[in-house]
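Each chain, letter by letter, is given below.
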Amino acid sequence: MLRHFISLRAAATARNYSSINCNTHYNVVFVRHGQSTWNRDNRFIGWTDTPLTDEGVLEARLAGRMLSSSGILFDKAHTSLLRRSIRTTNLVLMEMGQEYIPVSKHWRLNERSYGDLVGKNKKEVVKQFGQDQVKIWRRSYDQPPPPMSDDHEHHPKRDARYRLMLDDIPKSESLKCTRNRTKIYWDDVLAPALRSGKTLLIVGHENNLRSIIMRLEGISETDIINLSLPRAIPLAYRLDKDLKPLTRTDGGKDEATGMLSGYWLGGDDSVREVLERDHAQVYDVSIERNLEKDSDRDKWRRWTELAIGEPECPSFGAHNASHIHRNMGNKTGRK
């Protein structure tokens, strides 16, 4: 999927790039973390430090296999302070055989704060406030959810990792607030590394990644409400010298969202299916069952376990794994 995106041949180039990749320019890959316990339970998470589920571990490993199959190599990885993202980073790099590269962790790459919604079931909130209001809270640019009270049971001030920044902990955040803090990290850390020719892996959360991609793609404040990102499917970009996305080889945008110039390594069809399921999981109140726990998800888990094997097993062809997610709908009938 990414062979046409990046060449790794050890050929002479006009410029001596500092990246370990050969014959490349400016490359960045975004990966949302694998399923966490509160993703599984359909709860608003925010800065709460929920761990990966067993299925989330499989999702992260499969993302690593997709990247390994693509041939890309990273110089450095960046992620948040939250363990669902940190562990996803570690699992991806393990599958790629790149555990040796440095990994930077920073709170500016944390998920957005969902304020008073944290811990609540998303579908129950839709039933209470309506689909339109919840979509505004989840996806709009500048309208944050209700603020979190200081005595909220999931307030981040109780977490030791934030003890030196108590005054900076947000009570609630819109995407605009999230973009303001990710902009600082992009401008001060990520952009200089990319301009030097480094190839970067950014593992994060749906909204902090949406805020970065919004700026990268020039998506408007009005249109950003329509952009959602799936878990653990790498989104690869090749950038020009001004760090703007290069035109895709097909001359258009991705078919999954219709908004992006990057490439989904899992295939646009799979991404579209996942996004449709995720939308139904939150907004379709006629569906009573949890789509993260239904029988089709069990089939996906068993199929993936069979396909990628144990973490220490090197014999399975990485190329095969890159097609598993693409064909999962056909193999399991999952929608």
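Predicted model only: the values in this text are computed from it and were never measured.

Here is what the cut-offs are and how they apply
- Residues numbered from 1 in each chain as written.
- Predicted model: local features only at pLDDT ≥ 70, side-chain atom pairs only at ≥ 80, totals over all residues.
- Heavy atoms only, no water.
- Helix = DSSP H or I, 4+ residues; strand = E, 2+ residues; numbered from the N terminus.
- Buried < 20%, exposed > 50% of the residue type's maximum accessible area, 1.4 Å probe, protein only.
- Areas by Shrake-Rupley, 256 points an atom, 1.4 Å probe, with all protein chains shown as cover.
- pLDDT = per-residue confidence, 0-100.
- Contact = heavy atoms within 4.5 Å.
- Phe/Tyr/Trp six-rings, centres within 6.5 Å; stacked < 30°, edge-to-face > 60°.
- Pairing = 2+ DSSP bridges.
- Expected span 1.5 Å × (residues − 1).
- Axes fitted to C-alpha atoms, helices over the stretch in contact; angles between N-to-C directions.
- Salt bridge = Lys/Arg side-chain N within 4 Å of Asp/Glu carboxyl O.

Caption draft 1: Quick look at the overall build of the protein. Regarding its fold elements, the protein presents ten helices and six strands. With 335 residues in all, the protein has 56% of them scored as buried. Within the structure as shown, the protein displays about 14300 Å² of accessible surface, and the carbon and sulfur contribution to it stands at 47%.

Caption draft 2: Structural detail: the confidence of the model for the protein. Residues at a pLDDT of 70 or more form 81% of the protein, whose mean pLDDT is 86. Within the model, pLDDT remains below 50 along residues 312-335, and this stretch shows 52 contacts once partners closer than five positions in the same chain are excluded.

Caption draft 3: Spatial organisation of the packing of aromatic side chains. Within this structure, the stated rule accounts for five aromatic pairs. On the basis of an interplanar angle of 40 degrees and a centroid distance of 5.0 Å, the ring pair of W47 and Y162 is categorised as tilted. Taken together, the residues W47 in the loop between α1 (37-40) and α2 (54-70) and Y162 in the loop between α5 (131-139) and α6 (175-195) connect sequence positions 115 residues apart. By relative accessible area, which is 5% here, W47 ends up buried. Centroid distance F129 to W137: 5.0 Å. Interplanar angle 70 degrees. Geometry classified as edge-to-face.

Caption draft 4: Seen up close, the pairing of strand β1 (residues 26-32). The element β1 is extensively covered by neighbouring structure, given that seven of its seven residues are classed as buried. Of the two faces of β1, the one holding Y26, V28, F30 and R32 and the one holding N27, V29 and V31 are both buried throughout. With five bridges connecting them, β1 and strand β5 (residues 235-239) associate as antiparallel partners. Across the sheet, residue F30 finds its bridge partner in β5, namely L235.

Caption draft 5: Layout of unusual backbone geometry. The backbone of A232 sits at a positive phi, close to 60 degrees, despite the residue not being glycine. Considering the arrangement of structural elements, one finds A232 in the loop between α7 (206-217) and β5. A positive phi angle is found at L243, which is not glycine, with a value near 60 degrees. Examined against the element boundaries, L243 turns out to sit in the loop between β5 and β6 (263-264). Since its relative accessible area comes to 5%, L243 is described here as buried.

Caption draft 6: Highlighting α2. Taking 1.5 Å of rise per residue, the 17 residues of α2 would be expected to cover 24 Å, and the 25 Å separating its terminal C-alpha atoms lies within 8% of that figure. Within α2, 15 of the 17 residues are buried, which leaves it mostly tucked inside the rest of the structure. Downstream of α2 by one or two residues, G71 has phi in the positive range, about 90 degrees.

Caption draft 7: Examining the sheet that holds β5 more closely. Sheet architecture is open: six strands sit in the order β3-β2-β4-β1-β5-β6, paired in mixed fashion. Taken across any chain shown, the strands that pair with only one partner, and hence form the sheet edges, are β3 (103-105) and β6. Sitting on the sheet, helix α3 (residues 83-96) touches β1, β2 (76-79), β3 and β4 (200-204), and the angle it makes with β4 is about 140 degrees.

Caption draft 8: Representation of the pattern of salt bridges in the model. Counted by the stated rule, this structure contains 24 salt bridges. Across the pair K293 and D41 runs a salt bridge whose closest N-O atoms are separated by 3.5 Å. Of this pair, K293 sits in the loop between α8 (268-283) and α9 (295-308) while D41 is found in the loop between α1 and α2, placing the two residues 252 residues apart along the sequence. Judged by relative accessible area, K293 falls into the partly exposed class, the value being 48%. Where R139 meets E206, a salt bridge forms, and the shortest distance between an N and an O atom there is 2.9 Å. In this pair, R139 sits in helix α5 while E206 sits in helix α7, placing the two residues 67 residues apart along the sequence. An identical accessibility class is assigned to R139 and E206; each is buried. In the salt-bridge network here, residues are joined through shared partners; they are E59, R231, R277, D278 and E292.

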